[in-house]
Amino acid sequence: MATNKFPFFDITRQYEPLHEAVMDSFSKLLKSQSLILGEATAKFEKDMAAWMGVKHAITVASGTDSLILGLRALGVQAGDQVITPAFSFFASTGAILLLGAKPVFVDIDPETYNMSVPDLKKKLHKGIKAIMPVHLYGQTANMTQILELAQSAGVPVIEDFAQSIGATHFGRPAGGMGQIGATSFYPTKNLGGAGEGGLISTNDDALADKVKVLRVHGMRQRYYHEVLGYNSRMDALQCAYLSVKLPHLKTWTEKRAALAQRYLSELRGLEGKGLTLPVTQPGSGHVWNQFVVRLKKRDQVKSFLAENGIPTEIYYPLTIPAQKPLREICPETGWPESERAAQEVLALPIFPELKSEEQAQVITGLKEALG
Ligand SMILES: *Cc1c(COP(=O)(O)O)cnc(C)c1O
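Each chain has its residues counted from 1, following the order in which its sequence is written. Reporting of local features is limited, given that this is a predicted model, to residues whose pLDDT is at least 70; pairs of side-chain atoms are given and counted only at 80 or more, and all residues count toward the totals for whole chains, interfaces and linings. The side-chain figures draw on all heavy atoms in the structure; neither hydrogens nor water molecules are used.

Draft legend 1. Spatial organisation of the nonpolar core. Ranked by size, the top nonpolar core spans 29 residues in total, and within it F44, M48, I165, F185, L191 and L199 carry the most contacts. With six residues, helix α9 (residues 236–245) is the largest single contributor of residues to this core. When near neighbours in sequence (up to four residues on either side) are disregarded, M48 contacts A57, I165, L191, L199 and L246. Residues F6, L264, L305 and L346 belong to the second largest nonpolar core, which totals 25 residues. To form a nonpolar core, buried Ala, Val, Leu, Ile, Met, Phe, Trp, Tyr and Cys residues must be joined to one another through side-chain atoms within 4.5 Å. For each residue, the accessible area found with a 1.4 Å probe, counting protein chains only, is set against the maximum for its type, and the residue is called buried under 20%, exposed over 50%, and partly exposed in between. Put simply, DSSP marks the helices as runs of H or I at least four residues long and the strands as runs of E at least two long, and each gets a number from the N terminus on. Contacts between residues were defined by any pair of non-hydrogen atoms, one from each residue, lying within 4.5 Å.

What follows is the structure, given as structure tokens:
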């Protein structure tokens, strides 16, 4: 295989111009030694809540923890059933399983790769404790209909918006529509930290309070433990780092959107040749964490591109029900659109600093591959 002509994702390009500001901020923080839940954390949480337009933004140790603590705050316990899509990053389901709860898998919509509303309707019953839509690749799920179904069933919604920070659905923010939102600052996300981190968003004071207690060992008053909690605080260093990055997030998102528009217009001609472009739903403010096309001959095209030094990725090669930890829990198949997606999706390079000539090479490569 040829070496890549450029990286699939290069985070160093984004970091470079921020280095001095980050060093200044780290230097102040380290001198203060206020390293856990101090001023830097309070500032970042306040700024994030304002940026998103939610009442509470609470940092936690990772995106996975944001899902775990979010589910716990909603009262999910061992044995409870939680609805989630059969096609996502594994952590959505992992969080449910780690609580001893049972995932109830819903298939995806073939256009958006997000939770299928008709299948949700079929699987939503009295025993369901929570619904976890995932806003995959940067686009929100069909929240209007999901919330309508959830409300009439009296079931809370926890949004996994790890890939969709800043996305909107008819003007409402990802992570601010359901009872709880859960996101990640893993370095490859649209707002990436200098390591691990996550955040829980909510407009509900009581839920915010529960999450805050859960993240510090279930303790409100020092050394008096109300519930069995976690140590899930995000380091103040991460908060300081992310505070330097947050003011740029809007511009970075606009750059992603411009790259997406170029792919959409220049690849349109390949649609009759076995390629399907991503679809943006009406009312959807897409933030393009990934630009994912569907290809009939996905693996062949991926190899051709790799031989020509064009990097691509597959998110995700297996459905969640087909993963090993699910073997005793549910059948491997039964979610046809998720299974088809796992066979056909291919992510093309998209990150704010991707150069015009690099993107041109991806486009040319695809045109050659589908000749
Ligand atoms: C990244 C991601 C997570 C998990 O976040 P971590 O910070 O890596 O724990 C959860 N759900 C989805 C959809 C993700 O993409």
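After that view, the rundown keeps rolling.
Draft legend 2. Fine view of the pairing of strand β12 (residues 291–295). Among the five residues in β12, five count as buried, and that is most of the element. Burial of β12 is two-sided: the residues F291, V293 and L295 facing one way and the residues V292 and R294 facing the other way are all buried. Pairing between strands is defined by DSSP: at least two bridges between them are needed. Bridge analysis of strand β10 (residues 275–276) against β12 gives two bridges, and the strand direction is antiparallel. Bridge assignment links L275 to a residue of β12, and that residue is L295. Note that β12 and strand β13 (residues 345–348) share four bridges and pair antiparallel. Bridging across to β13, V293 finds its partner in L346.

Draft legend 3. View of unusual backbone geometry. Of the consecutive residues Y315 and Y316, the connecting peptide bond is found in the cis state with omega at 10°. Along the polypeptide, Y316 turns up in the loop between α11 (298–307) and α12 (336–344). The phi torsion at F170 lies on the positive side, around 45°, for a residue other than glycine. Inspection of the secondary structure assignment puts F170 in the loop between β6 (168–169) and β7 (172–173). Its identity is not glycine, yet W288 carries a phi of approximately 50°, on the positive side. W288 sits in the buried class, given a relative accessible area of 4%.

Draft legend 4. Molecular detail of α11. Among all positions in α11, only R298, V301, L305 and A306 are buried. The buried residues of α11 all sit within an arc of 135° when viewed along its axis, so they share a single face. Counted as exposed and oriented over 90 degrees from the buried face of α11: Q300 and E307. Residues of α11 that are buried make contact with β12, α12, β13 and α13 (356–370). A positive phi of about 75° marks G309, the residue just after α11. Working definition: the arc comes from the directions between the helix axis and the C-beta atoms, pointing outward to the latter.

Draft legend 5. Structural context of the sheet that holds strand β4 (residues 128–131). Reading across from one edge, β3-β2-β4 is the order of the three strands in this open sheet, with parallel pairing throughout. Looking at strand neighbours, the two that pair on one side only are β3 (102–106) and β4, the edges of this open sheet. Averaged over all neighbouring strand pairs, the angle between strand axes comes to 35°, with direction disregarded. Note that strand β2 (residues 81–85) and β3 share five bridges and pair parallel. Opposite T84, over in β3, you have F105 as the bridge partner. To get an axis, a line is fitted to the C-alpha atoms, and for a helix only the part in contact is used. The angle between two axes follows their N-to-C directions and goes from 0 to 180 degrees.

Shape is all these values report; function is a separate question.
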